[in-house]
Amino acid sequence: MEKADELKGIHRSGTNIMSFFDDNDKEHELQKQQSLAEVKKDEYLKSVELLKTLIQKNGTKSDLNRIIAVGLLIETTDFLNISLNKKKSIKENMIWCNKQYEKYVDTTK
């Protein structure tokens, strides 16, 4: 197993045949990153959908409009190539969502 790890670290692009394996490794890594980005996006959307349901039952029109906007922001974001501004915006909005969730869960008890 240790030898396999050592072999993986060797840069193989020096030969045409081995460059195929380098490209294959890069493609595999990209697919893994894409999968993680999609999982994160799906988690955010599920959270937003849950909060939207709570707000529809007990919330204000203003809060409902904002949660819909947050959902659209998340849906249209490419999480694999996210800019710093969009990342900051999503983070701020998810903090707002968490506060709203706590507020609406407390009012339903």
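Residues numbered from 1 in each chain as written. Predicted model: local features only at pLDDT ≥ 70, side-chain atom pairs only at ≥ 80, totals over all residues. Heavy atoms only, no water.

Novice: Tell me what's going on with the overall build of the protein, and back it up with residues and numbers.
Specialist: Tallying secondary structure elements over the protein gives four helices and zero strands in all. For the protein, the α and β elements follow one another from N to C terminus as α-α-α-α. Counting all 109 residues of the protein, 23% fall into the buried class. Carbon and sulfur atoms form 54% of the exposed surface of the protein, whose accessible area is close to 8,400 Å². (Helix = DSSP H or I, 4+ residues; strand = E, 2+ residues; numbered from the N terminus. Buried < 20%, exposed > 50% of the residue type's maximum accessible area, 1.4 Å probe, protein only. Areas by Shrake-Rupley, 256 points an atom, 1.4 Å probe, with all protein chains shown as cover.)

Novice: Describe the side chain of Asp63, and please don't skip the residues or the numbers.
Specialist: With respect to the helices, strands and loops of the structure, Asp63 is situated in helix 3 (residues 61-75). Residue classification places Asp63 among the buried positions, given a relative accessible area of 11%. Residue contacts for Asp63: discarding those within four places in its chain leaves Ile55, Trp96, Gln100, Lys103 and Tyr104. (Contact = heavy atoms within 4.5 Å.)

Novice: Which residues make up the confidence of the model for the protein, and what are the values?
Specialist: Per-residue confidence for the protein gives a mean pLDDT of 84, with 79% of residues at or over 70. By mean pLDDT, the top-scoring element of the protein is helix 3 (96), and the lowest-scoring one is helix 1 (residues 2-8) (58). (pLDDT = per-residue confidence, 0-100.)

Novice: Before we move on, can you summarise the side chain of Gln100 with the specific residues and values?
Specialist: Checked against the element boundaries, Gln100 lands in helix 4 (residues 84-108). The class for Gln100 is buried, based on a relative accessible area of 9%. Residues within four places of Gln100 in sequence aside, it is in contact with Leu51 and Asp63.

Novice: How would you sum up the environment of Leu54? Please name residues and give values.
Specialist: Position of Leu54 relative to the elements: it lies in helix 2 (residues 16-58). Relative accessible area serves as the criterion here: at 15%, Leu54 is assigned to the buried category. Setting aside chain neighbours within four positions, we find Leu54 in contact with Gly59, Tyr101, Tyr104 and Val105.

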